[in-house]
Amino acid sequence: MKKHNFNAGPSILPQVTIENTAKAILDFNGSGMSIMEISHRSKDFQPIVDEAEALFAELLDIPSGYKVLFLGGGASLQFCMVPFNLLEKKAAYLNTGAWANKAQKEAKLFGEVVEVASSKDANYTFIPKGYTIPTDADYFHITTNNTIYGTEIRTDLDSPVTLVADMSSDIFSRPVDVSKYGLIYGGAQKNLAPAGVTFVIVKEELLGKVSRAIPTMLDYRTHVKDGSMFNTPPVVPVYAALQTLKWLKSLGGLKEMEKINKEKASMLYDEIDRNKLFKGTAMVEDRSLMNICFVMNDEYASLEEDFGKLAISQGMVGIKGHRSVGGFRASTYNALPKESVQALINCMKEFERTH
Ligand SMILES: *Cc1c(COP(=O)(O)O)cnc(C)c1O
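Residues numbered from 1 in each chain as written. Predicted model: local features only at pLDDT ≥ 70, side-chain atom pairs only at ≥ 80, totals over all residues. Heavy atoms only, no water.

### Quick notes on the sheet that holds strand β10 (residues 198-203)
The strand order β2-β10-β9-β8-β5-β3-β4 describes an open sheet built from seven strands, whose pairing is mixed. Every other strand in the sheet has two partners, leaving β2 (66-71) and β4 (112-118) as the edge strands with one partner each. Across this sheet, the average inter-strand angle for adjacent strands is 20 degrees, counted without regard to direction. By the bridge criterion, five bridges tie strand β9 (residues 183-187) to β10 in an arrangement that is antiparallel. Across the sheet, residue G187 finds its bridge partner in β10, namely T198. Against the sheet, helix α4 (residues 98-107) engages β3 (90-95), β4, β5 (140-143), β8 (163-166) and β9, with an angle of about 165 degrees to β3. (Pairing = 2+ DSSP bridges. Helix = DSSP H or I, 4+ residues; strand = E, 2+ residues; numbered from the N terminus. Axes fitted to C-alpha atoms, helices over the stretch in contact; angles between N-to-C directions. Contact = heavy atoms within 4.5 Å.)

### As for the site of the ligand
The full set close to the ligand counts 13 residues, and S76, T147, D166, Q189 and K190 are the nearest of them. Here an oxygen atom of the ligand sits 2.6 Å away from a polar atom, N or O, in the side chain of K190. Calculation on the ligand without its partners gives an accessible area of 390 Å², and the protein chains cover 88% of this total. Element by element, the count of residues in the shell around the ligand is highest for helix α3 (residues 74-86), at four residues. Classifying every residue of the shell around the ligand by side-chain character gives three nonpolar, eight polar and two charged. (Near = heavy atom within 4 Å. Polar contact = N/O pair within 3.5 Å; in protein donor to acceptor, adjacent residues only side chain to side chain. Areas by Shrake-Rupley, 256 points an atom, 1.4 Å probe, with all protein chains shown as cover. Nonpolar A, V, L, I, M, F, W, Y, C, P; charged D, E, K, R; others polar.)

### Some thoughts on the packing of aromatic side chains
This model, assessed by the stated rule, comprises 15 aromatic pairs. Residues F84 and F110 carry aromatic rings whose centres are separated by 4.8 Å and whose planes lie at 50 degrees to one another, so their mutual orientation is tilted. Placement of the pair is F84 in helix α3 and F110 in the loop between α4 and β4, with a sequence separation of 26 residues. By relative accessible area, F84 is classed as buried at 15%. Summarising the aromatic geometry, the rings of F278 and F294 are spaced 5.6 Å apart at their centres and angled 80 degrees between planes, so their arrangement reads as edge-to-face. Here the residue F278 occupies a position in strand β11 (residues 278-280), and F294 occupies one in strand β12 (residues 291-296), the gap between them amounting to 16 residues. As far as the burial class goes, F278 and F294 line up, both buried. (Phe/Tyr/Trp six-rings, centres within 6.5 Å; stacked < 30°, edge-to-face > 60°. Buried < 20%, exposed > 50% of the residue type's maximum accessible area, 1.4 Å probe, protein only.)

### Focus on the domain arrangement of the chain
Domain annotation for the chain reports domain 1 (15-251) and domain 2 (253-354). Between domain 1 and domain 2, the contact holds 28 residues from the first and 27 residues from the second. Carbon and sulfur atoms make up 55% of the surface buried where domain 1 meets domain 2, a total of about 2,300 Å² over both sides. Three residues, I148, R154 and L251, lead the burial of domain 1 against domain 2; their summed loss comes to 22% of the area buried on that side. Counting across the domain 1 and domain 2 interface gives two salt bridges. (Domains from an automatic or database assignment. Buried area = accessible area lost by both parts, 1.4 Å probe. Salt bridge = Lys/Arg side-chain N within 4 Å of Asp/Glu carboxyl O.)

### So, the side chain of H40
By the element assignment, H40 lies in the loop between α1 (15-26) and α2 (46-60). For H40, a relative accessible area of 14% translates into the label buried. A distance of 3.4 Å separates polar atoms of two side chains, one belonging to H40 and the other to R41. If we ignore the near neighbours within four places in the chain, the residues touching H40 are F45, Q46, M229, N231, T232, P233 and V235.

### Points about the nonpolar core
With 56 residues, the main nonpolar core has F56, L60, F140 and F172 as its most contacted residues. Ranked by residue count, the leading element in this core is helix α6 (residues 235-251), at 10 residues. In contact with F172, other than residues within four places in its own chain, are F56, L59, L60, L192, L245, L248, L254, M257 and N334. Listed in part, the 32 residues of the second largest apolar core include I12, A311, A335 and M348. (Core = buried A, V, L, I, M, F, W, Y, C linked by side-chain atoms within 4.5 Å.)

### A word on unusual backbone geometry
The omega torsion across G9 and P10 is -10 degrees, close enough to zero to call that bond cis. The residue P10 is located in the loop between β1 (4-5) and α1 in this model. Notably, F172 is not glycine yet its phi reads approximately 65 degrees, a positive angle. Tracing the backbone through its elements, the reader meets F172 in the loop between β8 and β9. Residue F172 is classed as buried on the basis of its relative accessible area of 0%.

Have a look at this one:
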């Protein structure tokens, strides 16, 4: 049976990414060796990193003065690397979910942290607005897409101080005005590549301003200087990322990707709003295009398990909601085909007819 992969992360990747990576694992560039067996410093691998960097810059229209880095450690390591490198006295954080909260917790190890607003009391069902960002903060940190709660900041905010964003789960889902940010980071495993590589887009002039000593590996300047080659980068995930970037370009870039994402998400949200059995959990204006959270309407709460079973029997994978939200979560990342969204909608309609 065809599987419809709604996993939240690691999650669905373009078929061409998987196929090309599989080929390179068996025989890289006709070398008779696996990409896993060659030196990251070989003349064959450097072009992979260079091209991935160049495509990052091209697809996101990154202005000059920024550097793209490919690191290890996941987005979670960035929770501490960001304050290590940028926090001298005070940082501001917007608390929009579990990941935002974890980022903020790490920053407290390095200085004063101001939580400018939080939607925690409402179980993160919305993105707070109308808050004030302290102008003496070293930076303001946001999480653009809240993977667990299905809310998203889909515009590039104006900030009086350096804007830092965790874009782990919505990078490359829409065009981004990178010039509004000082630093953007994310784990690759939601919209880009298998787990193992973390991307950082950093404005170089922000580095080297803090007074503390920074361990070599945690200092962005190390990786800027050595072009992500200070130590062995995650070679296979970087190769896979390059395949996804090429796929994005062949689709027509991020404007086109955003159009497709909007279409897929509105198909599913329309069904959630129409179907008497279901309701969305996130506030409508803050709904994510990447993670669509919904639960049974109160009077049908007892049907949750049955719907889950029906969905599984029809090939849906990974739609169980995160334990802190319950119900269901359909992740509709870039690589998820429209047919999979339609299959889930058909399943919801069928369940409504029979209940
Ligand atoms: C998944 C996720 C993370 C954690 O990423 P790791 O690479 O596993 O550390 C952080 N932030 C957001 C928004 C995420 O979705």
